[in-house]
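Here's the letter readout for the chains.
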Amino acid sequence: QDVLDTEAKPRPPRPHWYERRVQPCLAELLGTSLFIFIGCLAVLEGSGGTGRLQPALAHGLALGVTVTVLGNI
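Our subject in this report is the structure included herewith. In this text, all values refer to a predicted model and were calculated from it rather than measured experimentally.

**Points about the overall build of the protein chain**
Logical step 1: Within the protein chain one finds three helices and zero strands.
Logical step 2: Buried positions account for 12% of the 73 residues belonging to the protein chain.
Logical step 3: Working note: accessible area of the protein chain is about 6,400 Å², and carbon and sulfur atoms make up 65% of it.

Structure representation (structure tokens):
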């Protein structure tokens with residue numbers, strides 16, 4: 001047997017502590033605050049005829065933007 005066949009492959013480097021702990025918490029905080037802020041503004045508008053459609057669309061848009069921007073974290 002050759003020695004090269006039994007050698008283990010090098011492991012990929014571990015992510016920095018910031019990427020493991022702080023970055024996901026900041027992304028969650030930013031996403032939640034954006035989601036609540038946009039949703040509250042949609043309800044406060046009170047344009048009468050839209051009913052439940054306007055807050056639902058605002059929440060969906062906020063969620064879509066948040067997932068698109070912060071999805072790779």
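**As for the layout of surface pockets**
Logical step 1: Its boundaries defined by the atoms lining it, the largest pocket holds a volume of some 160 Å³.
Logical step 2: Taken together, Pro-24, Ala-27, Glu-28, Gly-31, Thr-32, Phe-35, Ala-62, Leu-63, Thr-66, Val-67 and Leu-70 make up the lining of the largest pocket.
Logical step 3: In terms of residues, the lining of the largest pocket owes the most to one element, helix H2 (residues 17-45), which gives six residues.
Logical step 4: Grouping the amino acids of the lining of the largest pocket by side-chain chemistry returns seven nonpolar, three polar and one charged.

**Looking at the environment of Ala-56**
Logical step 1: Residue position: Ala-56 is located in helix H3 (residues 53-70).
Logical step 2: Take Ala-56: its relative accessible area is 47%, and that puts it in the partly exposed class.
Logical step 3: Residues Ala-56 and Gly-39, spaced 17 residues apart in sequence, show a C-alpha to C-alpha distance of 8.0 Å.

**A word on the environment of Pro-55**
Logical step 1: Within the fold, Pro-55 resides in helix H3.
Logical step 2: Once the C-alpha coordinates of Pro-55 and Ala-42 are considered, the two residues, 13 residues apart in sequence, prove to be 5.1 Å apart.
Logical step 3: The residues contacting Pro-55, other than those within four sequence positions of it, are Ala-42 and Val-43.

**Quick look at a nonpolar patch on the surface**
Logical step 1: Among the surface-exposed residues, Trp-17, Tyr-18, Leu-26 and Leu-29 lie close enough to one another that they form a single nonpolar patch of about 440 Å² accessible area.
Logical step 2: Residue position: Tyr-18 is located in helix H2.
Logical step 3: Using a relative accessible area of 37% as the deciding quantity, one classes Tyr-18 as partly exposed.

Conventions we followed
- Residues numbered from 1 in each chain as written.
- Predicted model: local features only at pLDDT ≥ 70, side-chain atom pairs only at ≥ 80, totals over all residues.
- Heavy atoms only, no water.
- Helix = DSSP H or I, 4+ residues; strand = E, 2+ residues; numbered from the N terminus.
- Buried < 20%, exposed > 50% of the residue type's maximum accessible area, 1.4 Å probe, protein only.
- Areas by Shrake-Rupley, 256 points an atom, 1.4 Å probe, with all protein chains shown as cover.
- 1 Å grid on protein atoms, 1.4 Å probe; cavity = no way out; pocket = protein on both sides within 12 Å on 5 of 7 lines; lining within 4 Å.
- Points joined across faces, edges and corners; volume = space filled by probe spheres on them.
- Nonpolar A, V, L, I, M, F, W, Y, C, P; charged D, E, K, R; others polar.
- Contact = heavy atoms within 4.5 Å.
- Patch = residues over 30% accessible without salt bridge, like charges linked within 9 Å, V, L, I, M, F, W, Y side chains within 5 Å.
- Salt bridge = Lys/Arg side-chain N within 4 Å of Asp/Glu carboxyl O.

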